[in-house]
Amino acid sequence: MRILLTNDDGVTAPGLVALAQRLRPLGEVLVVAPERQQSATSHSATLHKPIRVAPAQVAEGVLAYACSGTPSDCVALGVANLSSGPVDIIAAGINHGRNLGIDVTYSGTAMAALEGCIKGFSSFAISAGPSEGKEIPELHLQTAADFAAWLCSWLHDHPLPPGVFLNVNVPTLPADQIRGLRLTRLGRRRYEDVLERRVDPWGQPYFWRGLLVKGDEQKTDTDEYALEHGFISLTPLQSDLTAKDLLAQLEQLDLPAQWARQGK
Ligand code: MN
C-alpha cells in the first residue's frame with residue numbers, strides 16, 4: 001500500500017509526525033506537507049509563483065518533503081511528481097483542531113482530501129482537538145493515528161467511489177475511552193466574526209480576524225454531537241456542490257424561459 005500524507009499545520013506539526021509514524025508499517029508512506037502553517041487556506045492552488053520542495057525529516061523510514069505551496073499543491077505535486085509509483089490512499093492530518101460543519105470549507109486539511117478525491121484517489125482528512133474554548137493538556141494523537149491506520153487498511157480493501165471523500169474527527173481521549181465510531185453529517189454552526197481593529201507603530205490601522213463559535217446544532221446525527229459524546233465522527237463528503245433540489249425547482253419554474261421573456 002502506498003500512502004500520500006499531507007496536512008495544513010506544516011511539516012513539523014506533531015499530528016503529522018504521529019500519523020507518519022503510525023502509518024509507516026502499513027506500506028510506503030510519502031509525506032508532502034507545507035513548509036509552514038497553512039491552516040484555513042482551504043483549496044487554494046499556487047498558480048502565480050514557483051512551488052519549491054525540499055527534503056524534510058518527519059519520521060524514521062518515511063520519505064518527506066517540505067513544500068512552499070498549499071495543502072492542495074502538496075497533494076497535486078505528490079501524486080504527479082514525487083511519488084515513486086501509483087498512490088493508493090491520500091491522508092491529511094492529523095489536524096491540530098477539529099474540523100466540523102462548514103469549517104471544512106476553510107480547512108486546508110479537509111480540502112487536501114478534496115484535492116485527492118478530485119484526482120480520483122481514496123482520500124480522507126483526520127482531525128483532533130478539544131472543544132472550542134477548552135484547553136486540554138494532552139491531544140491523544142495516538143488515538144487518532146490508530147484510527148487512521150485502521151481506516152487506511154479498510155480503504156485499501158474498499159476504495160471510495162468517485163467524487164466522495166471522508167472527514168474524520170477524533171475526540172481527544174485515550175483509546176480505551178472512545179465510545180465507538182459514528183457516521184455523521186456536517187452539523188450547522190453559528191459564528192460571530194471577530195475583526196479586531198488595531199493600529200500599527202506607523203499609525204496605520206490593521207485588522208486581525210478570528211472566529212467565535214456561538215453555538216452548534218444539537219441534533220444527534222451531527223459530527224459535533226458525536227465528538228462531544230466521545231465517539232469518533234466519520235462524515236462522507238462529496239466534491240459536487242450542485243444544489244440538486246434547487247436545480248430541479250428552477251427547472252420546474254422554467255427559469256430560462258422567464259429570462260428569455262424579460263423585457264418583452
Ligand atoms: Mn490546521
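Parameters and conventions
- Numbering of residues begins from 1 in every chain and follows the order in which that chain's sequence is written.
- Selection of residues for local features in this predicted model requires a pLDDT of at least 70, selection of side-chain atom pairs for listing and counting requires 80 or more, and totals for whole chains, interfaces and linings are taken over all residues.
- Side-chain figures throughout are based on the complete set of non-hydrogen atoms in the structure, without hydrogens or water.
- When a residue's accessible area, from a 1.4 Å probe over protein chains only, is under 20% of the maximum for its type it is buried; when over 50% it is exposed; and in between it is partly exposed.
- A run of H or I in DSSP counts as a helix once it spans at least four residues, and a run of E counts as a strand once it spans at least two, with each numbered from the N terminus.
- Only heavy atoms enter the contact rule, under which two residues are in contact if any of them lie within 4.5 Å.
- Each polar contact in these results corresponds to two N or O atoms within 3.5 Å; when the atoms are within protein, one needs to be able to donate a hydrogen and the other to accept it, and residues that are neighboring in sequence are counted only if both atoms are side-chain atoms.
- The definition of a nonpolar core used throughout is a set of buried Ala, Val, Leu, Ile, Met, Phe, Trp, Tyr and Cys residues joined through side-chain atoms within 4.5 Å.
- DSSP calls a pair of strands paired once it identifies at least 2 bridges connecting them.
- For helices, the axis comes from a line fit to the C-alpha atoms of the stretch in contact; other axes are also lines fit to C-alpha atoms, and the angle between any two N-to-C directions lies between 0 and 180 degrees.

Let's talk about helix α2 (residues 71–82)
Where α2 is concerned, the buried positions are Pro71, Ser72, Asp73, Cys74, Val75, Leu77, Gly78 and Leu82. Its buried side turned inward, α2 meets β1 (2–6), β2 (28–34), β3 (53–55), β4 (63–67), β5 (89–96) and α3 (108–118).

Observations regarding the environment of glutamate 138
Inspection of the secondary structure puts glutamate 138 in the loop between β6 (122–128) and α4 (141–157). Given the relative accessible area of 43%, glutamate 138 is considered partly exposed. Separated by 34 residues in the primary sequence, glutamate 138 and threonine 172 have C-alpha atoms spaced 7.3 Å apart. Of note is the side chain of glutamate 138, whose polar atom sits 3.0 Å from the backbone nitrogen of histidine 140.

Here's the deal with the environment of serine 107
Note on placement: serine 107 falls in the loop between β5 and α3. Between the alpha carbons of serine 107 and glycine 180 there is a distance of 25 Å; along the sequence they are 73 residues apart. Each residue touching serine 107, except ones within four places of it in the same chain, is listed here: Asp8, Ser42 and Asn99. Within polar-contact distance, the side chain of serine 107 engages the backbone nitrogen of threonine 109 at 3.0 Å.

As for unusual backbone geometry
For the peptide bond that leads from glycine 93 to isoleucine 94, omega is -5°, which places it in the cis range. As for its placement among the helices and strands, isoleucine 94 is situated in strand β5. Here the phi dihedral of alanine 40 falls at roughly 65°; this positive angle occurs in a residue that is not glycine. The topology assignment puts alanine 40 in the loop between β2 and β3. The residue aspartate 254 is not glycine, and still its phi comes out positive at about 50°. As for its position among the elements, aspartate 254 is in the loop between α6 (244–252) and α7 (255–261).

Considering the nonpolar core
Counting residues in hydrophobic clusters, the biggest one holds 39 residues, and the most contacted among them are Val31, Phe124 and Ile126. Per-element tally for this core: the top contributor is α4, with nine residues. With 22 residues, the next largest nonpolar core counts Leu4, Tyr65, Leu82 and Ala92 among its residues.

Focus on the sheet that holds β5
Each strand in a sheet pairs with another by means of backbone hydrogen bonds, the pair being arranged parallel or else antiparallel. Pairing within the open sheet is mixed, and its nine strands lie in the order β3-β4-β2-β1-β5-β6-β7-β11-β8. Unpaired on one side and paired on the other, β3 and β8 (180–183) mark the two borders of the sheet. Pairwise comparison of adjacent strand axes, ignoring direction, gives a mean angle of 25° for this sheet. In the sheet, β2 pairs with β4 via five bridges, with the strands oriented parallel. Across the sheet, valine 31 pairs through a bridge with alanine 64, a residue of β4. Sitting on the sheet, α2 is in contact with β1, β2, β3, β4 and β5, with an inclination near 140° to β2. The strands touched by α4 within the sheet are β1, β5, β6, β7 (164–170), β8 and β11 (231–238), with β6 carrying the most contacts at an inclination of about 165°.

Focus on the side chain of glutamine 38
Topologically, glutamine 38 is positioned in the loop between β2 and β3. Note on glutamine 38: relative accessible area 13%, which makes it buried. With residues up to four places along the chain from it excluded, the contact list for glutamine 38 reads Asp8, Ser68, Gly69, Thr70 and Pro71.

Some thoughts on the pairing of β1
Of all the five residues making up β1, five are buried; the element is thus mostly covered by neighbouring parts of the structure. Going residue by residue along β1, you find Arg2, Leu4 and Thr6 tucked away on one face and Ile3 and Leu5 tucked away on the opposite face as well. In this sheet, β2 lies alongside β1 in parallel orientation, the contact comprising four bridges. Each bridged residue has a counterpart across the sheet, and for leucine 5 the counterpart in β2 is valine 31. Relative to β5, β1 is paired through four bridges, and the arrangement is parallel. Of the residues in β5, the one forming a bridge with isoleucine 3 is isoleucine 89.

Geometric values such as these leave the question of function open.
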